[in-house]
Structure formats: structure tokens, C-alpha cells
Amino acid sequence: QVQLVESGGGLVQPGGSLRLSCAASGFSFRLAAMRWYRQAPGKEREMVAVIGSAGLSTDYADSVKGRFTISRDNSKNTVYLQMNSLKPEETAVYYCWCNNFWGQGTQVTVSS
């Protein structure tokens, strides 16, 4: 079955950067579009970024455009989220998604 495992979260100061990874297994990764979501305390889960199967089509939430970059390496079955200029309100659990399957999430905390 599909398995998605996020990593790379942690504590970062405002204005700092973090790179998240999502390692996928159990399906044909090269055929699948991938998404990143996040959920902050007390808020609904929101989609942050999406990337097409070939890595040529990407889209982002307006709040992160210009600061976040989604990418993928199909030879490694891995999708990435590069996050720059992080803000305290972006403290959240970040989740990887594919075909209605969710990873367990990785905690990102933006704080001084």
C-alpha cells in the first residue's frame, strides 16, 4: 500500500529556511501528482503546494508564493518543499499527500 514519510521539520527563527522531504513507496511515484498541506493549531488544514507527475506543473497558495518551492526527484521517489523567509504564523504540522493518502506529518515551529 501507499506509504508517505515526511522529514525535515524542526525549530527555525523567523526569516529562516527549512527543507522538507516526503519519501514515497508502494505505488508508481512517477505517475502521481503530489501535494503539501499544513495545519496550524486551531485552524483547518490548507493546501500549500502541488506538483504534477513530471515535475513540470506547480502551484502554490497565495500566502507562500515567491517563498516556497515544491520539487520532486522521481528517481528517488521523493518530493521536497523548500521554505524560505518563514513567518511565526506558519508554525504548523506539514503533511505530504498523494491519491487520498496522507503522511504522518512533520512539525515546523517558527519562533524566536
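Reading guide: rules and limits
Residues numbered from 1 in each chain as written. Predicted model: local features only at pLDDT ≥ 70, side-chain atom pairs only at ≥ 80, totals over all residues. Heavy atoms only, no water. Helix = DSSP H or I, 4+ residues; strand = E, 2+ residues; numbered from the N terminus. Buried < 20%, exposed > 50% of the residue type's maximum accessible area, 1.4 Å probe, protein only. Pairing = 2+ DSSP bridges. Axes fitted to C-alpha atoms, helices over the stretch in contact; angles between N-to-C directions. Disulfide = S-S within 2.5 Å.

Caption draft 1: Quick peek at unusual backbone geometry. Within the chain, Asn77 stands out as a residue other than glycine whose phi angle is a positive 50°. Tracing the sequence through the fold places Asn77 in the loop between β7 (68–73) and β8 (78–83). Backbone geometry at Ser85 places phi at a positive 50°, although glycine is not the residue there. Along the chain, Ser85 falls in the loop between β8 and β9 (92–98). Given the relative accessible area of 39%, Ser85 is considered partly exposed.

Caption draft 2: Just the sheet that holds β8, in detail. Pairing is antiparallel in the open sheet, where four strands are placed in the order β1-β3-β8-β7. Unpaired on one side and paired on the other, β1 (3–7) and β7 mark the two borders of the sheet. The mean inter-strand angle of the sheet, taken between neighbouring strand axes irrespective of direction, is 15°. Both β7 and β8 contribute to a ladder of six bridges, which runs antiparallel. Looking at the pairing, Arg72 lines up with Val79 of β8.

Caption draft 3: Summary view of the state of the cysteines. What the rule picks out here adds up to one disulfide. Here Cys22 pairs with Cys96 through a disulfide, and the sulfurs are 2.1 Å apart. Taking the torsion about the sulfur-sulfur bond, which here is approximately -85°, the covalent link between Cys22 and Cys96 counts as left-handed. Here Cys96 lies in strand β9 and Cys22 lies in strand β3 (residues 18–25), a separation of 74 residues in the sequence. For Cys96, a relative accessible area of 0% corresponds to the buried category. Cys98 forms no disulfide, and the closest cysteine sulfur to it belongs to Cys96, at a distance of 7.5 Å.

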